[in-house]
Amino acid sequence: MSVLTSHLDLIAPWLGSQRWFASKGRLPELELIGSWQIPAADAQVHSHLIMDHSATVPVLYQVPVTERESPLDDADGALIGTYPSGNDTVYLYDGPHDPAYSQSLLTMITGNATAASEGADATGRAFGKLEVTSILSARVLTGEQSNTSIIYRVDTPDGPLRVICKVFRALHHGENPDVVLQSALAAAGSHSVPHSIGCVEGEWNDVGQPGGRARGHLAFAQEFMTGAEDAWRFALRASEAGIDFRADAHALGAVTAEVHRTLAASFGTRPASVEDIAEALSSWQSRLQVAIDEVPAIAELRGVIDGLYAAAGDLEWPPLQRVHGDYHLGQVLLADGQWILLDFEGEPLRPMLERSRPDFALRDVAGMLRSFDYVAGSLGSTEHAAEWTSASRRAFLSGYIEESGTDLRAHRELLDAFEMDKAVYEAVYEARNRPDWLPIPLSALRRLASRSR
Ligand SMILES: Nc1ncnc2c1ncn2[C@@H]1O[C@H](COP(=O)(O)OP(=O)(O)O)[C@@H](O)[C@H]1O
Ligand SMILES: O=P(O)(O)O[C@H]1O[C@H](CO)[C@@H](O[C@H]2O[C@H](CO)[C@@H](O)[C@H](O)[C@H]2O)[C@H](O)[C@H]1O
């Protein structure tokens, strides 16, 4: 049996239990698309691109692994499995947890290095000059993540620095908006995103693409904001403790408007055409259908939601521009009193092509409004939590309006429709990932529906 077959045999059962595996509950059916090796000091480092055919639409995953002749200290949780090789045993690890992989990944980025194989290859790209004199430590970020991030402490001639490198797990042909938007914002001088360090670009065989090759981002490195707290936890704590969040929410609204303005200046805007509006309505409808199929309780709201969407079609729509795309409190950090936005990858349940297109800034505004509602929902929707949420929502909106000069009140009905669509999306997300939290978007749907009756 070849080494790569042994890897795939071990990866198949392990993949199904990973947070980023999209087809929960299905047994992965794997095909190796390409696999390159990266030079590393004391282990064999392989980066596999593996297609899973178990989903309705096949999903391509990036699965870096390391092979070791003996167990790696303190890494039992990262062991994918073992297999015999002659008289020896090979230990196969989830790459990001092994210093051999994490070091070679950062070196590949800062050194603009290339690694090639038959079906796929990868190239590191440093955005500026960062001389890493030594990598002092690397650890995987724990917690809910759609990808896998490694946090490094490194030494540079200018002093110590922390770097976070996100290894994209589900891969797509085309630019990854997380890399493109954040590096453009940083290049435009925005202080509302971390400094961008570099990325890894990949190419792999794909018969569906012109020339038989697909291209996309594989990893993205940025400055790690030390001591930052994520806005979701910060807001939860504030709400629980009865701390007024209005000034923070107002500032967050203003930063959101500033980021939208910089994105508009960097990537341009265009008026919404009849086709753009029809496409948005049709995407709302298909999400609603998926949600009704997966969460039958939503069916009773269908008539009202259809009515709200139809009425939205007759409204005036603002111009399109590049946006965050999956904006919520968990995507924002508070670092030294400044709101910092992260994760511009868009909604993980949407096709990447859609996420890389101009969209409506109202989608982000609606996303954050939903997030304030989640704070109340996750705290049991007490009267106090509900009041905290409405005050924060209002303050966020006024911060946005003041900074952008866009009177969102003129778009109220459209904003409600975007909020409805986001809650529909969340119902599917929760049904698939956190069924205990399904009541949060469900009650929002009922509330929004009763408001529009
Ligand atoms: N540059 C950064 N500095 C500090 N923390 C970060 C940074 N980037 C990400 N994080 C932390 O990692 C978490 C997950 O990052 P995110 O980009 O949302 O990943 P994913 O796409 O996998 O969900 C964030 O919520 C944040 O807590
Ligand atoms: O952060 P991701 O890109 O993985 O986004 C997905 O997961 C989010 C949850 O982690 C989910 O957000 C929903 O839950 C949040 C609380 O945990 C809440 O603040 C958001 O408003 C709510 O949408 C997000 O929808 C999903 O795409």
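- Under an unreviewed UniProt entry, the name given to the protein is Maltokinase, and the organism recorded is Mycetocola miduiensis.
- The UniProt entry for the protein carries this comment under Subunit (unreviewed entry): "Monomer."
- According to its UniProt record, the protein has this under Catalytic activity (unreviewed entry): "D-maltose + ATP = alpha-maltose 1-phosphate + ADP + H(+)".

1. Examining the site of ligand 1
(1) Moving on: The full set close to ligand 1 counts 19 residues, and Q145, N147, P194, M225 and D343 are the nearest of them.
(2) Moving on: When its residues are assigned to classes, the shell around ligand 1 shows eight nonpolar, seven polar and four charged.
(3) Moving on: Looking at which domains feed residues into the shell around ligand 1, each of domain 1 (3-223) and domain 2 (229-451) gives three or more.

2. Side note on helix 2 (residues 99-110)
(1) Moving on: Here helix 2 is twelve residues long and its end C-alpha atoms lie 16 Å apart, about the 16 Å a rise of 1.5 Å per residue gives.
(2) Moving on: Counting buried positions along helix 2 yields ten of twelve residues, so the element is predominantly enclosed.
(3) Moving on: For helix 2, the full list of buried residues reads A100, Y101, S102, Q103, S104, L105, L106, M108, I109 and T110.
(4) Moving on: Where helix 2 terminates, the next one or two residues include N112, which has phi positive at roughly 50°.

3. Thoughts on the nonpolar core
Side chains of a nonpolar character, in soluble globular proteins, are inclined to be buried together.
(1) Moving on: Counting residues in each nonpolar core, the largest one holds 68 residues, and the members touching the most others are V332, F396, M420, V424, A427 and L445.
(2) Moving on: Here this core takes ten residues from helix 11 (residues 412-433), the largest share from any one element.
(3) Moving on: Both of domain 1 (3-223) and domain 2 (229-451) provide at least three residues apiece to this core.
(4) Moving on: Other than its neighbours up to four places away in sequence, V424 contacts R287, L288, A291 and L445.

4. Remarks on the sheet that holds strand 14 (residues 229-230)
(1) Moving on: Strand order in the open sheet formed by three strands is 14-17-18, and the pairing between neighbours is antiparallel. Unpaired on one side and paired on the other, strand 14 and strand 18 (338-341) mark the two borders of the sheet.
(2) Moving on: For strand 17 (residues 332-335) and strand 18, the ladder comprises four bridges, and the chain directions are antiparallel. Along strand 18, the bridge assignment pairs L333 with I340.

5. Quick word on the environment of D74
(1) Moving on: By the secondary structure assignment, D74 is in the loop between strand 3 (59-68) and strand 4 (79-85).
(2) Moving on: Note on D74: 8 C-beta atoms within 10 Å, which makes it exposed.
(3) Moving on: It is 9.8 Å that separates the C-alpha atoms of D74 and H97, two residues lying 23 residues apart in sequence.

6. Focus: the site of ligand 2
(1) Moving on: Inspection of the region around ligand 2 gives 15 residues, with S146, H328, R370, S371 and Y374 positioned closest.
(2) Moving on: For the shell around ligand 2, the elements supplying multiple residues, two or more each, are helix 9 (361-378) and helix 11.
(3) Moving on: Tallying contributions element by element places helix 9 first for the shell around ligand 2, with three residues.
(4) Moving on: For the shell around ligand 2, the per-class residue count stands at five nonpolar, four polar and six charged.

Quick notes on the rules
- Residues numbered from 1 in each chain as written.
- Chains lettered and ligands numbered in written order.
- Predicted model: local features only at pLDDT ≥ 70, side-chain atom pairs only at ≥ 80, totals over all residues.
- UniProt positions renumbered as here; feature names shortened; annotations may be inferred.
- Near = placed C-beta within 6 Å.
- Nonpolar A, V, L, I, M, F, W, Y, C, P; charged D, E, K, R; others polar.
- Domains from an automatic or database assignment.
- Helix = DSSP H or I, 4+ residues; strand = E, 2+ residues; numbered from the N terminus.
- Expected span 1.5 Å × (residues − 1).
- Buried ≥ 20, exposed ≤ 12 C-beta atoms within 10 Å, placed from the backbone.
- Core = buried A, V, L, I, M, F, W, Y, C linked by C-beta atoms within 7 Å.
- Contact = placed C-beta atoms within 7 Å.
- Pairing = 2+ DSSP bridges.

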